[in-house]
Amino acid sequence: MDKGVGIRIEGLSKRYGKGDTAVDALKEVNMQVAPGEVVGLIGPSGSGKTTLLKCLGAVIEPTQGRMTLGGEAIYDNGWTISDLRVLRRDRIGFIFQAPYLIPFLDVTDNVALLPMLAGRPNGEARARAVDLLTALDVAHRAKAEISELSGGEQQRVSIARALANRPPVILADEPTAPLDSERALAVMRILDQMATQYQTAIIVVTHDDKIIPTFKRMYHIRDGHTYEEAGQGLSLQ
Amino acid sequence: MISLAGRDILHSWGKFALTGLGLGLLIGVTFTMAGVYRGMVDDAKVLLNNSGADLWVVQKDTLGPYAESSSIPDDVYRGIRGLSGVAQAANVTYLTMQVRKGNTDVRAMVVGFEPGQPGEPGYLVAGRRITRGHYEAVADVVTGFRVGDRIRIRRHDYTVVGLTRRMVSSGGDPMVFIPLKDAQEAQFLKDNDAIVNSRARTAENPALNRPGVPGLLDAINASQTSNHNVNAVLVRVAEGRSAEAVAQDIRRWKHLQAYTRGQMEDILIAKLIATASKQIGMFLVILMIVSAAIVAFIIYTMTLGKIREIAVLKLIGTHNITISSMILQQALGLGLIGFVVGKIAATLWGPLFPKYVLLLPEDAVRGFVIVMVVCVLASTLAIRAALKVDPATAIGG
Amino acid sequence: MKMPFSLPRQVWFVLTGIALVLAFGWVATQSGPFAPIKVTVTRVDRGNVAPALFGIGTVEARRAYLIGPTAAGRVGRVLVDVGDAVKAGQLLTEMDPVDLDKRVASAAAAATRGRSAVVTAQAQVTDARSRQALAASEAGRYVDLGKKNFVSQSVVDTKLQQQQSADAQLAAAESALASARQDVIRLDAEREAAQQQRSNIRLLAPVDGVVTSRDAEPGSTVIAGQAVLKLQEPGSLWVTVRLDQGRSAGLRAGLPADIVLRSRPGKVLTGKVMRVEPISDSVTEERIAQVAFDTLPPRVSSNEMADVTLHLPAASDVLILPNAALRHRGAEAGVWLRTDGKLRFVAVKTGAEGLDGKVQIIDGLKAGDEVVVYSEREFNDDSRIKVVDALSGDAR
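Per chain, residue numbering runs from 1 following the sequence as it is written. Labels follow written order: the first chain is A, the first ligand is 1, and so on. Note on the predicted model: pLDDT of at least 70 is required for a residue's local features to be given, and 80 or more for side-chain atom pairs to be given and counted; whole-chain, interface and lining totals, by contrast, use all residues.

Draft legend 1. Structural detail: the overall build of chain B. Helix and strand content of chain B: 12 helices and 12 strands. Residue burial in chain B is summarised as follows: out of 397 residues, 47% are buried. Residue pairs qualify as contacts under a 7 Å threshold applied to their C-beta atoms, which are placed from the backbone. Taking the contacts inside chain B whose residues are at least 6 apart along the sequence as the reference set, 78% of them involve residues at least 24 apart. Helix numbering and strand numbering both begin at the N terminus, where a helix is a DSSP run of H or I of at least 4 residues and a strand a DSSP run of E of at least 2. To sort residues by burial, count the other C-beta atoms lying within 10 Å of each one's C-beta; a count of 20 or more means buried, 12 or fewer means exposed, and anything in between means partly exposed. C-beta atoms are built from the backbone.

Put into structure tokens, the structure is as follows:
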């Protein structure tokens, strides 16, 4: 696994539409996250953070700029990777606003799905899933149905899923929005732990004041521009 | 790799099973309609086989005796018996009429036959063959009669002495076999009022009621109430002789037509059943379309219910093919359940239909293939919807 | 969805799947073309066959008489009506005599006149005789005188001639008498003829009997040979039975008969075959037999229908089978023999058949052979069959 530079974004721009009705959602964004770092991406709605996340997640195509992932350029004024899906599957982990677990798979299979899709044999995929679940302290629910889990348990399972293929990057979209402060901090704690343990670069998009203080480094985004800011780095212990 | 389709089915097995059951009943109805058509064709074939004849000799220029009415004199068979290549030739009459038992009556085809000759039922399921020359009958079980019942045909009472099975007319009416002379009388003689009226009318006709010729009126009345016609002569051809050759011989006679079994099958199936088969064909097409629509609707709804999961799956890196094949497998699974339920249902309720329902294995195989193809086509709607989902929608909101 | 059972879901799924497959398999093999054909079998036994012939009969009078005139005329009076018993010789009807009475009278008068003519002729003969006697004696005397030459020869000749003439007149008178006598005979005969014609219009009963029909009323005109009344002897009713030619083997006079009149369906009357008609009906292909009642039941009408069963001598201790076992293959009659679980069609020759369906097997089988009796369908040598006790009377 490439333990290179994590994420690097240079001069990324995204324009929707053409001519008079064109909207510049991103204007020359620069960003960098090292492996093991948990970085916040903070901005109000409409600021372009979702667009940035989508570009990072390789689900929409930027208009221009450069993206490097783990030392390998994936976008340089055009996709440089042929199969974006494989990129997303193997190199990017997603944590959504809601857990979005697959309801007809049990907990273990939800987590093991991605390694299985990547071609790993079922036994190995499930073993890895159990490891992750143990690390996230939900192993006792390994065989349960998704509907039986509490919100917090589902959240942790979704985190385990994001980590299942050991991606170098995780993109988290408002992971603490529906949670209270105690739970929110617990989630941040876990993310921090996982980042350190697996040397993953994690970007957390949020506007949740409860967790903003925990970031050591943050990017603010407004009207398509980003600027870096050092965070408070509140301890999560 | 686990089977996403299988997991999804297991997870919502109730919905799936109920849908499969409903679809299965619809498919069962489709099988039954096809079975009704096959039953009609089989009725025609059985009618021809059970008569034991190789040739049907009927009135010239008619398609009789089943498709059209045919009337020939009852002494024609003597000449036919004398032809080379003819092993047996016998008169038969056919008349579809109401047969009364107690207070109920049954629509049946009354067949007049000569014992030991073509036209007699080849096998029985109960009772015995007719031993008296009059007033005994053998009936098909579909009539509902039992051995020993007294039934009324026209003017006389008959005792049911034997029962047979699968002796039906091409229209599906059960057959009742009675001695030929009784059948000739039943076909011809009217009820008492009509006879009395006819006698009165003849007596009023001065040309027929001549006082100078005693006995003339009686003779005319007697000739008016006797019937010397039959509907057909059934012929069994001798071993090793060609039925068509014998038929050619018979056709050379004036006023007679002879059909071989192949020609009779054509007449019955092509002409008699043609309209019904078109109707059934249209019905089958409609049922197929409805089944396809139902499968498409169900699968589409199930897919739409999973749109969010599909977006997530696509986002996290699931191949389009994996997702499409999940939908396809679900559609095929639904089709398989429907087919099995439908085939079992059709077999179980087929005997309850008033007409004969014949379910052939090749129809089941054909039905299976069609169900699978229909499911594949029906799933394309849902697959298109799934493919159009933008994985980006999983982010944001 | 939560299942209330303890077994894991997959196991239930598999069990259901197996159950469905088994049901499918059962359905495929037990019905439709793959299913075995159900049949019943029986063994060829020894027993008795009571063959009988059955036919429809009409009650008829052995002898029926048509009472009618021998010449066209008008019916005068009818003295009896339908149902009346009459004695032999009784006057039944009389035609209108018209002029017959006058003719009889005229013939009688003519005969009487003829007799008178005979008397006249008799008198003339007497007269002629007397004249002849006189002429003869005179002629004799004159001949004598002539011989003595007392008179001329011409006078003698004249007297001789007178004598000849008187002889002739006598002869003539005698022949006239004879002819008048013959005339009387003729006129008598004519008178008798007229009387016979007169008595011909009186129709008398030829035998003791019962009037069965009154066909002409007084005043109606009938022609020669037309019946005014029909008569039959009451004890002479018998049953004319028609039997299918093909099913009349063994028909002969003397066979005992059971007669059931349509008007008395429950009552079986006994009788015997009196006569088998030498001429059969070729149009209806029937033989005709006359069966007499042992005791004539009262109030039986002519032309009534009856069902007649003639009993043939029984065949005892012969091989028998129910006739439902007889089948045809092509034009051959036989049965399906079951040996060692396999089927084979054997041609048989049958003998007597009883009305109860038992038929005698003359050739082709032996006692104890197992034979198929009832079957659901036609089958052939290589059909799969399944032996059951009885086939249900249900449709499929």
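So, next bit.
Draft legend 2. Seen up close, the overall build of chain C. The secondary structure content of chain C amounts to three helices and 24 strands. Counting every position in chain C, which comprises 396 residues, the buried fraction comes to 28%.

Draft legend 3. Quick peek at helix α1 (residues 4-11) of chain B. Residues and elements named next belong to chain B. Of the residues making up α1, those classed as buried are Leu4, Asp8, Ile9 and His11. Down the axis of α1, the buried side of the element spans an arc of 165°, and every buried residue falls inside it. In this fold, the buried residues of α1 make contact with α2 (13-50) and α11 (320-349). Our arc is simply the arc of the directions from the helix axis toward the C-beta atoms.

Draft legend 4. Expanded view of the interface of chain B and chain A. Facing the 19 residues of chain B at the interface are 24 residues of chain A. Of all the secondary structure elements, the ones that give two or more residues to the side of chain B that touches chain A are α1 and α10 (307-316) of chain B. For the side of chain B that touches chain A, the element with the highest residue contribution is α10(B), accounting for five residues. The residue classification treats Ala, Val, Leu, Ile, Met, Phe, Trp, Tyr, Cys and Pro as nonpolar and Asp, Glu, Lys and Arg as charged. All others, Gly included, are polar. Taken together, the residues that form the side of chain B that touches chain A break down as nine nonpolar, six polar and four charged.

Draft legend 5. The packing of α1(B) against α11(B), seen in detail. Residues and elements named next belong to chain B. Taken N-terminus to C-terminus, the directions of α1 and α11 make an angle of 50°; their axes are 8 Å apart at the nearest point. Classified by the interaxial angle, the pair formed by α1 and α11 is oblique. Along this stretch, α1 crosses α11, giving a crossing that reads as right-handed. Each of Leu4, Ala5, Asp8 and Ile9 in α1 lies in contact with α11, whose residues at this interface are Thr322, Met326, Gln329, Gln330 and Gly333. Grouping the constituent residues of the contact of α1 with α11 by class yields four nonpolar, four polar and one charged. Note on definitions: angles span 0 to 180 degrees between N-to-C directions of axes, and those axes are lines fitted to C-alpha atoms, for helices only across the stretch in contact. Orientation is classified from the angle alone, with under 35 degrees giving roughly parallel, over 145 giving roughly antiparallel, 65 to 115 giving roughly perpendicular, and any other angle giving oblique. Here a crossing is taken to be left-handed if its near helix is turned anticlockwise relative to the far helix by less than a right angle, and right-handed if that turn runs clockwise.

Draft legend 6. Fine view of the interface of chain B and chain C. Taken together, the contact pairs 42 residues of chain B with 41 residues of chain C. A total of four residues in the side of chain B that touches chain C trace back to one element, the largest contributor, which is α11(B).

Draft legend 7. Spotlight on the nonpolar core. As used here, a nonpolar core is made of buried Ala, Val, Leu, Ile, Met, Phe, Trp, Tyr and Cys residues. They are joined through C-beta atoms within 7 Å. Ranked by internal contacts, the top residues of the largest apolar core, which has 201 residues, are Ile203(A), Leu55(B), Val233(B) and Val235(B). A per-element tally of this core places α2(B) first, with 12 residues. Beyond its immediate sequence surroundings of up to four residues, Ile203(A) is in contact with Ile7(A), Val33(A), Val39(A), Leu41(A), Leu56(A), Leu171(A) and Ala172(A).

Draft legend 8. The arrangement of the environment of Ile74(A) in detail. Residues and elements named next belong to chain A. Turning to its location among the elements, Ile74 is positioned in strand β5 (residues 72-76). A count of 19 C-beta atoms within 10 Å places Ile74 in the partly exposed class. Ile74 sits 18 residues away from Leu56 along the chain, and the two C-alpha atoms are 9.7 Å apart.

Draft legend 9. Highlighting the confidence of the model for chain C. For every residue, the predictor assigns a confidence score, pLDDT, that lies between 0 and 100. Counting all residues, the mean pLDDT for chain C is 86, and 95% of those residues have values of 70 or more. If you check the scores for this complex, the pTM reads 0.70 and the ipTM reads 0.86.

Draft legend 10. Up close: the sheet that holds strand β4 (residues 64-67) of chain C. Here, strands pair whenever DSSP counts at least two bridges between them. Judged by pairing direction, the sheet is antiparallel, and its four strands sit side by side in the order β4-β11-β9-β6 (chain C) without closing on themselves. The open sheet has two edge strands with one neighbour each: β4 and β6 (85-86) of chain C.

Draft legend 11. Summary view of helix α4 (residues 122-135) of chain A. Residues and elements named next belong to chain A. End to end, α4 covers 20 Å across 14 residues, agreeing with the expected 20 Å (1.5 Å per residue, within 8%). All of the buried residues in α4 are Ala125, Arg128, Ala129, Leu132 and Leu133. Buried residues of α4, viewed axially, fall in a sector of 140°; they line one side. In this structure, α4 carries Gly123 and Glu124 as exposed residues pointing more than 90 degrees from its buried face. Those residues of α4 hidden inside the fold are in contact with α3 (107-117) and α5 (151-163). Looking one or two residues past α4, Asp137 carries a phi angle of roughly 70°, positive in sign. The span expected for a helix works out to 1.5 Å for each residue beyond the first.

Draft legend 12. Quick look at the sheet that holds strand β10 (residues 221-222) of chain C. All names here are of chain C. One open sheet holds the four strands; their spatial order is β8-β7-β5-β10, and the pairing between them is antiparallel. Strands at the two margins of the open sheet, each flanked by one partner only, are β8 (202-204) and β10. Bridge analysis of strand β5 (residues 73-78) against strand β7 (residues 91-95) gives three bridges, and the strand direction is antiparallel. Bridge pairing in β7 links Arg77 to Glu94.

Draft legend 13. Spatial organisation of unusual backbone geometry. All names here are of chain C. One non-glycine residue, Arg299, lies in positive phi territory at about 55°. Its location among the elements puts Arg299 in the loop between β15 (286-293) and β16 (305-311). Of note, Asn303 is a non-glycine position whose phi angle comes to about 70°, a positive value. Accessibility expressed as a C-beta count within 10 Å gives 9 for Asn303, which makes it exposed.

Draft legend 14. Seen up close, the environment of Val106(B). All names here are of chain B. With respect to the helices, strands and loops of the structure, Val106 is situated in strand β4 (residues 104-113). Assessed through the 18 C-beta atoms surrounding it within 10 Å, Val106 is described here as partly exposed. C-alpha separation for the pair Val106 and Gly144, spaced 38 residues apart in sequence, amounts to 8.6 Å. If we skip the residues at most four places from it in the chain, Val106 touches Val99, Thr143 and Gly144.

Draft legend 15. Here's a closer look at the environment of Ile383(B). Residues and elements named next belong to chain B. Here Ile383 is to be found in helix α12 (residues 361-388). Residue Ile383 is classed as buried on the basis of its C-beta count, with 21 C-beta atoms lying within 10 Å. In the structure, Ile383 is positioned 60 residues away from Ile323 in sequence and 8.2 Å away in space, judged by C-alpha atoms.

Draft legend 16. Fine view of the pairing of strand β21 (residues 349-353) of chain C. All names here are of chain C. Alignment of β21 against strand β22 (residues 358-363), held across three bridges, turns out to be antiparallel. The residue bridging Glu353 from the neighbouring strand is Val359, located in β22. What sits between β21 and β22 in their antiparallel hairpin is a turn of four residues, with Gly357 showing a positive phi close to 95°.

Draft legend 17. Looking closely at the pairing of strand β12 (residues 237-244) of chain C. Residues and elements named next belong to chain C. Within β12, six of the eight residues are buried, which leaves it mostly tucked inside the rest of the structure. Pairing of strand β3 (residues 52-61) with β12 involves six bridges; the strand directions are antiparallel. Among the inter-strand pairings, Ala61 is bridged to a residue of β12, identified as Leu237. As paired elements, β12 and β15 share seven bridges and run antiparallel to each other. Residue pairing in the sheet places Arg242 in a bridge with Ile288 of β15.

Draft legend 18. Looking closely at the packing of helix α9 (residues 274-304) of chain B against α12(B). Residue and element names in this part refer to chain B. In contact at an axis separation of 8 Å, α9 and α12 are set at 35° when each is read in the N-to-C sense. The element α9 and its partner α12 pack so that their crossing is right-handed. Of the residues in α12, those touching α9 at Met288, Ser291, Ala292, Val295, Ala296, Ile299, Tyr300, Thr303 and Leu304 are Ile370, Val374, Cys375, Leu377, Ala378, Ser379, Leu381, Ala382, Ala385 and Ala386. Class assignment for the residues of the contact of α9 with α12 results in 16 nonpolar, three polar and no charged.

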